[in-house]
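Residues per chain, in single letters:
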Amino acid sequence: MKTTMRAEATKSTGVIASISLLAILASTLVNVPTATEVQTISAAGANSSAYSSKLLEPAPPGDNAIDTTSKSIVQREFLNRYEKNMIRPVTSIGVDLENCQPGQAVRDGIAPIVESWNFMRGLNGLNAVTLDQTDSISPYTQAAAMVSARNGKLSHYPAVEGFACATDAAVRGARHSNLAQSISQTSAETALWYYMDYSSADNPVNDQLGHRLFMQDPQLSVTSIGAAAGYTAISVRTGESYPGMPADSMRDHSAPTPEWMSWPSAGFFPKQLLTSVGITSDGPDTERWSFSVQNGDLSAATAHITGPNGENVPLTVIRPGQSGIAFTPRVIADYSTLLMKFPNIERLPVGQENLVYNVKIDGVKGTGQTTYEYQVALFDPLTPLEKTAPTIALLEQPLTGVGYKMINPIRMQVAAWPVAKYQWQERINSGPWTDIPGANEETYTPEGLWTWKRSKTTEYRLVATSTEGESTSEPVRVAVQGLKNMPASVKTTIGSRAVFEATPILDSDGSLFDTTFEWQVLRAGRWERLYDDGHFEGTATNRLIVNHVTPADEGSQFRLVVRSKIFKLAGYDVVVSWSDGLAKLTVF
């Protein structure tokens, strides 16, 4: 639920250096019919392009820019760069909250967050940001995530608030990062719900739009993401330096920078990127659309939105620094922003339908024009543009722990036009498939507690049926995480034997099925697999033996990786558990 989210836009007061900004995104979109066959939107002054020729300074659109006048292009980019990242990868290792050890982020785990973020930047024509390759920023963002997780709350000033583990690195990282608690969210959801469009019905502080505006800084070029126990930190450009990276190194002066931007972005816009969820336990949620203009004065600006049927959308407009309102949109990267709040959109596009909203901003001062108009065409990119039989793909391997219920559902991606009807089925011990009553969505969460035996014997599949045909997914099983006790550190003498052991979680009958073990050692900052070679023994079991310990073994750190052979995704055995990587060998 969105009501469980907690985030803060960065509060750093460092002055961001002046940016020379001119737009790349089309300034006005002409009227668009709502008919489903419309596949492109024309852009004023833009000769079949999304980018106006008079707005190509200081640089033309880069490779990351997305032509939002084309429905098929936006659909393709959404599937290739956002939807595929609806996964929950391992994001960090070696985190020890009790001892203030930040661990490290797994690059392959945080890269999907960056790719999803860059997709959303591309919708406004912005360049892609890249992960810090020099480790000049990453120690600080990782420490910021650690201190948030250690204290179970967020602050850009952890030392001032008396946080435990408020190390110098954590203090610096928290001050220069967007922070969020994103437990159980996918990479794409983390980028969208917690950073681009975080809101809470009872927390108006987020009407400052700090997260969104920092994430859409056109000249931000380098970032870092820290992750620890469901908390994340994303570095942004605050105008201040890190010890190993000057502030200007995080900035791309030649990046194309728009005269104005909006969220939702102008043109075709995937309905999945709208995050208002209606009524919540905190009260009614709202849409929070925004319009940002470079070096503009929005103190007297007004906004008007008409819906797909020409109806006026009731708006609450919040201007920068508006009198009588505690939290208003901030000026970030020389952009002034207008916030437009209105009740959540209940009628979303179905199938190939386009629902077009016309936005008009009046009374802008200090820019080349006083009025800006654009359109947002909501559509469903999961619906094929042509009639087609259903196709089904598993988005991610479902996981849970032995003795626990499932929190996240089994998720399938279904592409079909016309829209398909769904039926989940179950079978046990390779018996007949039976329909599950009431399981008629793209996702399904099995009830009850999970055991090793249930994981091995129970399978699920989805059947999707439309007028164009029927498709059945491959059977899927629920993987269970299986380490109860982590390996402990060992102190021993030269020439003796050291033993590291982790205890798998077993079923009540003591069974442990189709599981592989892999011991690894940390060398030069990288985890490397060990093999039985006389010195190391039991490298493919849950018990590692180091024979004839030598001085060279001093300080070695070990971890155990547990995989399940029966659960496969994209041809690989699925990692179902990691030890914490803190088992250390001390030689004396």
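What you see is a predicted model, and the numbers here were worked out from it, not measured in a lab.

Novice: What is the right way to look at helix α2 (residues 107-122) in this model?
Specialist: Every α-helical turn comprises 3.6 residues, leaving residues that sit three or four positions apart pointing alike. Spanning 16 residues, α2 covers 22 Å between terminal C-alpha atoms, matching the ideal 22 Å at 1.5 Å per step. Extensive coverage of α2 is indicated by the burial of 12 of its 16 residues. Of the residues making up α2, those classed as buried are G109, I110, P112, I113, V114, S116, W117, N118, F119, M120, R121 and G122.

Novice: How should the packing of aromatic side chains be read in this particular structure?
Specialist: Aromatic rings in a pair are described by how distant their centres are and how their planes are angled relative to each other. In this structure the tally under the stated criterion is 18 aromatic pairs. An angle of 15 degrees between the planes, with centres 6.4 Å apart, marks the rings of F291 and Y374 as stacked. Highlighted residues: F291 in strand β13 (residues 286-294) and Y374 in strand β18 (residues 372-379), separated in sequence by 83 residues. The pair formed by F291 and Y374 is uniform in burial state, with each residue classed as buried. Within the aromatic cluster, the residues linked to one another by ring pairs are W260, F291, Y372 and Y374. Geometry around Y140 places R172 over its ring, the cationic atom sitting 6.0 Å from the centre. Here the guanidinium or amino end of R454 rests over the ring plane of W450, the centre of that ring lying 3.7 Å away.

Novice: What's the story with the pairing of strand β32 (residues 515-523) in this structure? I'm lost.
Specialist: Two faces make up the sheet, and in a regular strand the side chains alternate between them. Summarising the sheet, β32 and strand β33 (residues 526-529) pair through 4 bridges and their orientation is antiparallel. Bridging from a neighbouring strand, Q520 pairs with R529 of β33. Where β32 hands over to β33, the hairpin turn is made up of 2 residues, of which A524 adopts a positive phi near 50 degrees.

Novice: What's the story with the packing of α2 against helix α5 (residues 187-196) in this structure? I'm lost.
Specialist: Relative orientation and spacing of two packed helices are given, respectively, by the angle between their axes and the distance between those axes. Running from amino to carboxyl end, α2 crosses α5 at an angle of 55 degrees, the nearest separation of the two axes being 8 Å. It follows that α2 is oblique to α5 by the angle criterion. Classified by chirality, the crossing of α5 by α2 is right-handed. Seen from α2, the contacting residues are G109, P112, I113, S116, W117 and M120; seen from α5, they are S187, A188, T190, A191, L192 and M196. In the contact of α2 with α5, the residues fall into 8 nonpolar, 4 polar and no charged.

Novice: Is there a simple way to think about the environment of P112 in this case?
Specialist: By the element assignment, P112 lies in helix α2. Placed 75 residues apart in sequence, P112 and S187 show a C-alpha to C-alpha distance of 5.8 Å.

Novice: Sorry if this is basic, but what is going on with the sheet that holds strand β16 (residues 335-343) here?
Specialist: Within a sheet, adjacent strands bond to each other through the backbone by hydrogen bonds, running parallel or antiparallel. A sheet is described by the order of its strands in space; here 4 strands give the open sequence β9-β13-β16-β15, paired in antiparallel fashion. Two strands close off the open sheet at either side, each with one partner strand: β9 (260-263) and β15 (316-318). Recorded for the sheet is a direction-independent mean angle of 15 degrees between the axes of neighbouring strands. In this sheet, β16 lies alongside β15 in antiparallel orientation, the contact comprising 3 bridges. Bridge assignment links V317 to a residue of β16, and that residue is M340.

Novice: Is there a simple way to think about the packing of helix α3 (residues 138-151) against helix α4 (residues 168-175) in this case?
Specialist: At a minimum axis distance of 7 Å, the contact between α3 and α4 shows a crossing angle of 95 degrees. With respect to each other, α3 and α4 are oriented roughly perpendicular. Mapping the contact onto sequence places P139, Y140, T141, A143, A144 and V147 in α3 and A169, A170, R172, G173 and A174 in α4. Partitioned by chemical class, the residues of the contact of α3 with α4 number 8 nonpolar, 2 polar and 1 charged.

Novice: Quick question: what am I supposed to make of helix α1 (residues 71-81) here?
Specialist: Taken together, the buried positions of α1 are occupied by K71, V74, Q75, E77, F78 and R81. Of the surrounding elements, those touching the buried residues of α1 are α2, β10 (267-270) and β18.

Novice: Explanation requested: unusual backbone geometry in the structure shown.
Specialist: With the exception of glycine, the majority of residues adopt a negative phi angle, and the majority of peptide bonds are in the trans configuration. The omega torsion of the bond from W263 to P264 falls at 0 degrees, within 30 degrees of zero and hence cis. Tracing the backbone shows P264 in the loop between β9 and β10. In this structure, P418 follows W417 across a cis peptide bond, with omega equal to 0 degrees. A positive phi angle, near 65 degrees, is found at C165, a position not held by glycine.

Novice: How should I be thinking about the nonpolar core in this particular structure?
Specialist: Generally speaking, nonpolar side chains in soluble globular proteins are found buried as a group. One finds L273, W289, F291, M340 and I361 to be the most contacted residues of the largest nonpolar core, which totals 60 residues. In terms of residue count, α5 provides more of this core than any other element does, 7 residues in total. In contact with I361, not counting residues within four places along its chain, are F291, A301, T302, A303, L338, M340, T370, T371 and Y372. With 22 residues, the next largest nonpolar core counts Y460, L462, A464 and V478 among its residues.

What counts as what
Residues numbered from 1 in each chain as written. Predicted model: local features only at pLDDT ≥ 70, side-chain atom pairs only at ≥ 80, totals over all residues. Heavy atoms only, no water. Helix = DSSP H or I, 4+ residues; strand = E, 2+ residues; numbered from the N terminus. Expected span 1.5 Å × (residues − 1). Buried < 20%, exposed > 50% of the residue type's maximum accessible area, 1.4 Å probe, protein only. Phe/Tyr/Trp six-rings, centres within 6.5 Å; stacked < 30°, edge-to-face > 60°. Lys NZ or Arg CZ within 6 Å of the ring centre and 35° of its normal. Pairing = 2+ DSSP bridges. Axes fitted to C-alpha atoms, helices over the stretch in contact; angles between N-to-C directions. Parallel < 35°, antiparallel > 145°, perpendicular 65-115°, else oblique. Left-handed = near helix turned anticlockwise from the far one by under 90°. Contact = heavy atoms within 4.5 Å. Nonpolar A, V, L, I, M, F, W, Y, C, P; charged D, E, K, R; others polar. Core = buried A, V, L, I, M, F, W, Y, C linked by side-chain atoms within 4.5 Å.

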